[in-house]
Amino acid sequence: GQTANEFSSEMMMVGIVLLYPIIFLCGTNMVAMTAYSREGESFFISKFLPIAPKTSVNAKLLFSMLPSAAALAVIFVIAVALYGLDAGSAVALVVTSLLFCAGTSGLHIYLDIKKGNVHWKTQADMRASAGGGVAAILPVFISIIPAIGFVVAGVFMAGLEPSLGRSGVLGLYWGIILVVAAAVAAAGLYILYEKGVPLFEKIGENRAVSGRKTGSFGGRRGSFLK
């Protein structure tokens, strides 16, 4: 059997392997951050097509999740083959990451709907306004803080092995993490559909960055955060 130190190291490794997809696939999902901003003023072509706002948002969310899902398939193989994670933990890692991605991507898209700007002329302006600019940091922190917490929790929970056993510790660990991930997913998707979809018609009315006027589609001079 494993020694206490070996199991503690294993739990730390599980947390670190989980940390990477949560932060780099979910928290900094550029596809979600630039969901509408990257379209620029060509967005108005699609805006006036007979497509329901919810359908458009569904498509943006699904598209933003595809790169993460593809990367997670690779991470699953690496976690099992290279890091020696058992299949159960690897599956839980993928499910947890997908839930986090759904929640943070939903929040990124909501912020882009609310604060993003399709009236950019240069890529620098687009990057400054995408995802609501400074506001886009919020989903990043929502990913970073729990991800670090999961690493720390794994090390501490390894100490429960004498009473719960290895399987018991892993079951409790992933159970807690899945609850947190489900809460993030539920909150992010609720905000996207309940708060973001009703704002769909206002996309394009946001102020331009750098104090410039937004052009023929309206808007006023000033900061895009105001």
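Residues numbered from 1 in each chain as written. Predicted model: local features only at pLDDT ≥ 70, side-chain atom pairs only at ≥ 80, totals over all residues. Heavy atoms only, no water.

**Structural notes on the overall build of the chain**
Logical step 1: Looking only at helices and strands, one finds eight helices and zero strands in the chain.
Logical step 2: Listing the helices and strands of the chain from first to last along the sequence gives α-α-α-α-α-α-α-α.
Logical step 3: Partitioning the intrachain contacts of the chain with sequence separation of at least 6 by distance along the chain shows that 79% fall at a separation of at least 24.
Logical step 4: Accessible surface computed for the chain: about 10,900 Å², of which carbon and sulfur atoms make up 70%. (Helix = DSSP H or I, 4+ residues; strand = E, 2+ residues; numbered from the N terminus. Contact = heavy atoms within 4.5 Å. Areas by Shrake-Rupley, 256 points an atom, 1.4 Å probe, with all protein chains shown as cover.)

**Observations concerning the environment of P53**
Logical step 1: Residue placement: P53 occurs in helix α4 (residues 53–81).
Logical step 2: Residue P53 is classed as partly exposed on the basis of its relative accessible area of 24%.
Logical step 3: Residues P53 and Y193 lie 140 residues apart in sequence; the distance between their C-alpha atoms is 9.7 Å.
Logical step 4: Each residue touching P53, except ones within four places of it in the same chain, is listed here: V197, F200 and E201. (Buried < 20%, exposed > 50% of the residue type's maximum accessible area, 1.4 Å probe, protein only.)

**Digging into the state of the cysteines**
Logical step 1: Within the structure shown, the criterion is met by one disulfide.
Logical step 2: Note that C26 is cross-linked by a disulfide to C101, the S-S spacing being 2.2 Å. Residues C26 and C101 are joined through a disulfide that is left-handed, its torsion about the S-S bond being -75 degrees. Of this pair, C26 sits in helix α1 (residues 4–27) while C101 sits in helix α5 (residues 87–115), and the two are 75 residues apart along the sequence. Comparing C26 with C101 shows no difference in burial state: the two are buried. (Disulfide = S-S within 2.5 Å.)

**Considering the packing of α4 against helix α8 (residues 161–196)**
Axes are the key here: two packed helices are described by the angle between their axes and the distance separating the axes.
Logical step 1: For the pair α4 and α8, the least separation of the axes is 10 Å and the interaxial angle reads 150 degrees. What the angle tells us is that α4 and α8 run roughly antiparallel. Like other packed secondary-structure pairs, α4 and α8 cross with a definite hand, here right-handed. For the pair α4 and α8, the contacting residues are K54, V57, N58 and L61 in the first and L189, L192 and Y193 in the second. (Axes fitted to C-alpha atoms, helices over the stretch in contact; angles between N-to-C directions. Parallel < 35°, antiparallel > 145°, perpendicular 65-115°, else oblique. Left-handed = near helix turned anticlockwise from the far one by under 90°.)

**Digging into the pattern of salt bridges**
Two side chains carrying opposite charge are able to pair once their charged atoms lie near each other.
Logical step 1: If you walk through the whole model with that rule in mind, you get four salt bridges.
Logical step 2: As a salt-bridge pair, R166 and E10 come within 2.5 Å of each other at their nearest N and O atoms. With a gap of 156 residues between them, R166 in helix α8 and E10 in helix α1 connect regions that are remote in the sequence. (Salt bridge = Lys/Arg side-chain N within 4 Å of Asp/Glu carboxyl O.)

**Some thoughts on α8**
What sets the pattern is the α-helix's 3.6 residues per turn: residues three or four places apart point alike.
Logical step 1: With 36 residues, α8 extends only 45 Å from end C-alpha to end C-alpha; this falls clearly short of the ideal 52 Å at 1.5 Å per step.
Logical step 2: For α8, the principal kink sits at S167 and spans about 75 degrees.
Logical step 3: Structurally, α8 contributes buried residues whose contacts are with α1, α4, α5 and α7 (137–157). (Expected span 1.5 Å × (residues − 1). Bend = angle between axes of the 7 residues up to and from the residue.)

**Some thoughts on the packing of aromatic side chains**
Logical step 1: Scanning the model with the defined rule gives seven aromatic pairs in all.
Logical step 2: The interplanar angle of 85 degrees and the centroid separation of 5.7 Å between the aromatic rings of Y36 and F43 together place this pair among those described as edge-to-face.
Logical step 3: Each residue in the set Y36, F43, F44 and F200 is aromatic and connected to the rest through ring pairs, giving one cluster. (Phe/Tyr/Trp six-rings, centres within 6.5 Å; stacked < 30°, edge-to-face > 60°.)

**Quick notes on the environment of A187**
Logical step 1: As for its position among the elements, A187 is in helix α8.
Logical step 2: As a C-alpha pair, A187 and G106 span 81 residues in sequence and 8.8 Å in three-dimensional space.

**Observations concerning the nonpolar core**
Considering soluble globular proteins, one finds that nonpolar side chains tend to be buried as a cluster.
Logical step 1: Membership of the largest hydrophobic core comes to 51 residues, with the highest contact counts inside it found for L18, Y36, I109, Y173 and W174.
Logical step 2: The residues contacting Y173, other than those within four sequence positions of it, are M11, V14, G15, L18, F150, A153, G154 and M157. (Core = buried A, V, L, I, M, F, W, Y, C linked by side-chain atoms within 4.5 Å.)

**Quick look at the packing of α1 against α8**
Logical step 1: Interaxial distance between α1 and α8 falls to 12 Å at its minimum, and their mutual angle equals 10 degrees. By the angle between their directions, the pair α1 and α8 is classed as roughly parallel. Residues F7, E10, M11, V14, G15 and L18 of α1 pack against E161, R166, V169, L170, Y173, W174 and I177 of α8.
Logical step 2: Along the lines of polarity and charge, the residues of the contact of α1 with α8 split into nine nonpolar, one polar and three charged. (Nonpolar A, V, L, I, M, F, W, Y, C, P; charged D, E, K, R; others polar.)

**Focus: a nonpolar patch on the surface**
Logical step 1: A contiguous nonpolar patch, built from M12, M13, I16, Y20, F24, V74, I78, L82 and Y83 and spanning about 870 Å² of accessible area, is present on the exposed surface.
Logical step 2: Looking at the nonpolar patch, the elements with two or more residues in it are α1 and α4.
Logical step 3: By residue number, the principal contributor to the nonpolar patch is α1, which donates five residues.
Logical step 4: Counting through the fold element by element, I78 comes out in helix α4.
Logical step 5: For I78, a relative accessible area of 37% corresponds to the partly exposed category. (Patch = residues over 30% accessible without salt bridge, like charges linked within 9 Å, V, L, I, M, F, W, Y side chains within 5 Å.)

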